[in-house]
Structures are given as C-alpha cells and as structure tokens.
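# Chains, contacts and geometry: an overview
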Amino acid sequence: MTLRLQYIYTFYETKFWENIVSNFDPGLEAAAAQISRAREDKALRPSIAGFFDEATNTISYVVHDPKSGEAAIIDSVLDYEAASGRTSNGSADRIIEYTKSNNLKVMWLIETHAHADHISAAPYLQEKLGGKLAIGRGIILVQDVFGKLFNAGSDFECDGSQFDKLFDDGETFRLGELEGIALHVPGHTPADMAFIIGDAAFVGDTIFMPDFGTARADFPGGDARQLFQSIRRLLSLPGETRLFLCHDYKAPGRDEYAWETTVKQQREGNVHVKDGTTEDEFVAMRTARDKGLSMPNLIMPSVQVNIRGGRLPLPEANGVSYIKIPVNAV
Ligand SMILES: [Fe+2]
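This write-up is about the structure you can find in this document.

Reading the values: rules and limits
- Residues numbered from 1 in each chain as written.
- Predicted model: local features only at pLDDT ≥ 70, side-chain atom pairs only at ≥ 80, totals over all residues.
- Pairing = 2+ DSSP bridges.
- Helix = DSSP H or I, 4+ residues; strand = E, 2+ residues; numbered from the N terminus.
- Axes fitted to C-alpha atoms, helices over the stretch in contact; angles between N-to-C directions.
- Contact = placed C-beta atoms within 7 Å.
- Buried ≥ 20, exposed ≤ 12 C-beta atoms within 10 Å, placed from the backbone.

In this section: the sheet that holds strand β2 (residues 58-64). The strand order β1-β2-β3-β6-β7-β8 describes an open sheet built from six strands, whose pairing is mixed. Where the open sheet ends on each side, the last strands, each with one partner, are β1 (47-53) and β8 (165-167). Direction aside, the axes of adjacent strands within the sheet are offset by 25° on average. Of the strand pairs in this sheet, β1 and β2 are connected by seven bridges, and their pairing is antiparallel. Residue pairing in the sheet places I48 in a bridge with V63 of β2. In the packing of helix α3 (residues 90-101) onto the sheet, the strands contacted are β1, β2, β3 (70-74) and β6 (105-110), and the crossing angle to β1 comes to about 160°.

A large share of strand β10 (residues 178-184) lies buried, amounting to seven of its seven residues. The alternating pattern of β10 places L178, G180, A182 and H184 and E179, I181 and L183 on opposite faces, both of which are buried. Both strand β9 (residues 172-175) and β10 contribute to a ladder of four bridges, which runs antiparallel. When the bridges of β10 are listed, T172 appears paired with I181. Turn length for the β9-β10 hairpin, with the two strands adjacent in sequence and antiparallel, is two residues, and the turn residue G176 shows positive phi of about 60°. As judged from the five bridges shared by β10 and strand β11 (residues 193-197), these two strands associate in the antiparallel manner. Counted as the bridge partner of A182 is F195 from β11.

In structure tokens form, the structure reads like this:
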C-alpha cells in the first residue's frame, strides 16, 4: 500500500470508529432490547391506569406488574387552590383507592421532572402507601437554579437528598417481574427523564399527542435544541413502543383528552417533530412559539415545592408554611 493510500485508509478507518463510538448509545440500545422482549412476551408488559387532572391537564399513572402486584406511581398531583393557598388530596386519594382495590404494593413514586404546573403528591402518597421517591439526577441542577431564585436558605440542600433515589441515564430497575430503564431526556428542563417499564415509555414533558406537538423549552435551564435531540432519541425506540404523556390540552378539532400514542404514530404525524423535520426547523418553531406562551399559573408554588421532593417549605415560627413569589425576577 502506498503511503498516500495508507493515510486515506487510516483516516476513514478512524472516522468509521469515531462514528460508531459517537452514535453508540448504550442506554437507548438497552431500552430498545427491553421493549422488544416485552413486545414478544405479554408477561413482561405492565398494566397501566391513567388519572387525568382537569385543573392542570396532567396525567398521573399507576403502572403495575400483573403477576406480583408491584406498582409505580408516576407524576402524581396534589390539588392546590392558588387564591387561598389551600392544598387537598382528592386526586391523590383516587390513586390510593385504585392501588388498594387492586391490592398493589407501591414500590416507586416517580417524578419525570420538577413540574412547573402542579405540586407533586408524592410525599402524601408515600406516607399512605410507602415506596421510594425517585427523580433524575439532573434535579440537582434545577435545585441550584431555583434554590437561588427563591433564596431558599440554609435549610435547603441542593444535592437531591430530598429524594430516595436519583436515576442516571441508562440505569435499570425492576417492578416485580418487569424490567425498567431510565433515559435522560433534557430540554424542557435539565432534569427530565423518561421511564420505560416493559414496552411502555412514560415520557414526561418531551412530546405530546401527535396533533399537539411538543413541550415548551423556555423555562430556566430549558433548551429547544436539546429537546429536539431528546425527542429524536425517544423516537429511535421500536415503532410499537407505547408512549404515555404527562399532559394533554386537546388539539384544535379534538374533543377528547388523550395520552397514549406510539413511536410509529409520532414519527409519522407529530406536528412539530415528525420524520423529516430538521433540528433548525424545530428550534425556530419552538422558540417562536414559546415567546407567545405565558408562565403556567402555578409555576411559583409548584417549582418551590417540587424541588423539595413535593414537601412544603418548613413552617415559620407561627407554624405556617409560606410560598414565596420572587418579584420581577423571572
Ligand atoms: Fe413540565
């Protein structure tokens, strides 16, 4: 081989291996393999119940292994009336009733991210049902940003210690006989995770129903480019993967709320990210659209409480907890 040919060969061989290494996504590969196993064997698929909260357009899920009865509760909602500052447990109690009537053993209370539109009921559910409170490790970043915004004080540790478990990208877990895996899907916030149990992916605020599109990316720490990459990563999963969404707002022309779709349906028809949409097109669309959105009504109470694992700020000397509102800071 001449020196020149040797050089070209080495160059392309190096590029080949670089491409292999850069495109290799072990978490995604493991998730795809898990989903394929579950599609082949019904016993590896979970039973799923969705609970829609009309006040915040949130869907909470109870996911369980039919064989063992082991269950995970994903993205629960604590009812909160902003005008009076009153909390109540109607939504959480519906979930408790369901778990009890189906004899489920709650193992996990999972948050896909620190929500900005509702307060989590996870601590209340944990007190009543047990289970470990889990979120993605990126919560530490979110705690840092919002801890400063709310001037949270020395009683608030920005280390994720308010949760029992911080999941890393590609980390696996079990729910009875079922396999689970967590994928880091930042963009909406830095902490967003998708939790895949059997063949069902709980994708949090990444993608919505195909006719509605995608989540916003303009909160502190949000990034439209990252959101696009996270969504395309999720849409690389097998076409028959069941996707369960965190919110639905009924797209124009649709009368019913909906929250279940598939990778195939999203790739074929999502109005923001269907196959063929480029990253730049998405970023331009998402950025323009986000500029027209107002902040969610409950963002201040929600974030403030959710970065504390859903616990209210410590009571002051009079025994009352207070929610702060930073003025002219966001
Ligand atoms: Fe969200």
